[in-house]
Amino acid sequence: MAAPHDGPWLDESAGRLVRPYTVSDGRTRPSAHMDLLTQVMATGAPVIGYPGPDHTAALGLCAAPTSVAEIAAQLKLPAVVTKVLLSDLVDCGALTLRAPDFYHNPTDRSLLEAVLDGLRRQL
């Protein structure tokens, strides 16, 4: 990984100077299972070695439970690259994962009826 003095990772006019696949070292599969709604939170454990600027930025966003989707948006990285970064931090014990606080069954009849009622009121 690049050292902090190697130059900027972002340029105001050009955007990201480092391709996403280099951020994840070419890996496309995270070692920990997570989806976009998975909540990620820092454990406070130290990260061993130099984690790199994107790992450090991701860790900084996880002081409170934050979704993988939100972290990807904040880092301006594809979700799969963000998942690889986060799984690196999970593997070293710096992050913990948990399922979202609530999961609604998309085929739950009462939920679908409530959505339909709301749409009818709008028309």
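Since the structure is predicted, the reported quantities are computational estimates derived from the model, not experimental observations.

Brief notes about the packing of helix H3 (residues 68-75) against helix H4 (residues 79-91)
Axis separation between H3 and H4 bottoms out at 9 Å; the angle between their running directions is 105°. The orientation of H3 with respect to H4, classified from their angle, is roughly perpendicular. Contacts between H3 and H4 pair Val68, Ile71, Ala72 and Leu75 from the former with Ala79, Thr82, Lys83, Leu85 and Leu86 from the latter. Taken together, the residues of the contact of H3 with H4 sort by class into seven nonpolar, one polar and one charged.

Points about helix H2 (residues 53-60)
Of all the residues in H2, the buried ones are Asp54, His55 and Ala58. Projection of H2 onto a plane perpendicular to its axis shows the buried side chains occupying an angular sector of 100°, all on one side.

What to know about the side chain of Lys83
Among the structural elements, Lys83 can be located in helix H4. In this structure, Lys83 is buried with no salt-bridge partner, the nearest side chain bearing the opposite charge being Asp35 at 6.8 Å.

Thoughts on the nonpolar core
Val40, Ala58, Ile71, Leu75, Leu86 and Leu95 are the most contacted members of the largest nonpolar core, which has 15 residues in total. The set of elements that each furnish at least two residues to this core consists of H3 and H4. Sort the elements by how many residues they give to this core and H4 lands first, with four residues.

Considerations on the confidence of the model for the protein
The share of residues in the protein with pLDDT of 70 or more is 72%, and the mean pLDDT across the chain is 78. Here residues 1-8 scores under 50 on pLDDT; set against residues more than four positions off or in separate chains, the count is 10 contacts.

Examining the packing of H2 against H4
It is the contact of H2 with H4, at a shortest axis distance of 10 Å, that shows an interaxial angle of 80°. In terms of orientation, H2 lies roughly perpendicular with respect to H4. Contact with H2, carried on its side by Asp54, His55, Ala58 and Leu59, involves Leu85, Leu86, Asp88 and Leu89 of H4 and no other residues of that element. Looking at side-chain class alone, the contact of H2 with H4 contains five nonpolar, one polar and two charged residues.

Things to note about the sheet that holds strand S3 (residues 39-42)
Pairing is antiparallel in the open sheet, where three strands are placed in the order S4-S3-S5. In this open sheet, the two edge strands, each paired with only one partner strand, are strand S4 (66-67) and strand S5 (95-98). As judged from the four bridges shared by S3 and S5, these two strands associate in the antiparallel manner. By the bridge assignment for S5, Gln39 is matched with Arg98.

What counts and how
- Residues numbered from 1 in each chain as written.
- Predicted model: local features only at pLDDT ≥ 70, side-chain atom pairs only at ≥ 80, totals over all residues.
- Heavy atoms only, no water.
- Axes fitted to C-alpha atoms, helices over the stretch in contact; angles between N-to-C directions.
- Helix = DSSP H or I, 4+ residues; strand = E, 2+ residues; numbered from the N terminus.
- Parallel < 35°, antiparallel > 145°, perpendicular 65-115°, else oblique.
- Contact = heavy atoms within 4.5 Å.
- Nonpolar A, V, L, I, M, F, W, Y, C, P; charged D, E, K, R; others polar.
- Buried < 20%, exposed > 50% of the residue type's maximum accessible area, 1.4 Å probe, protein only.
- Arc of directions from axis to C-beta.
- Lys, Arg positive; Asp, Glu negative; His and termini not counted.
- Salt bridge = Lys/Arg side-chain N within 4 Å of Asp/Glu carboxyl O.
- Core = buried A, V, L, I, M, F, W, Y, C linked by side-chain atoms within 4.5 Å.
- pLDDT = per-residue confidence, 0-100.
- Pairing = 2+ DSSP bridges.

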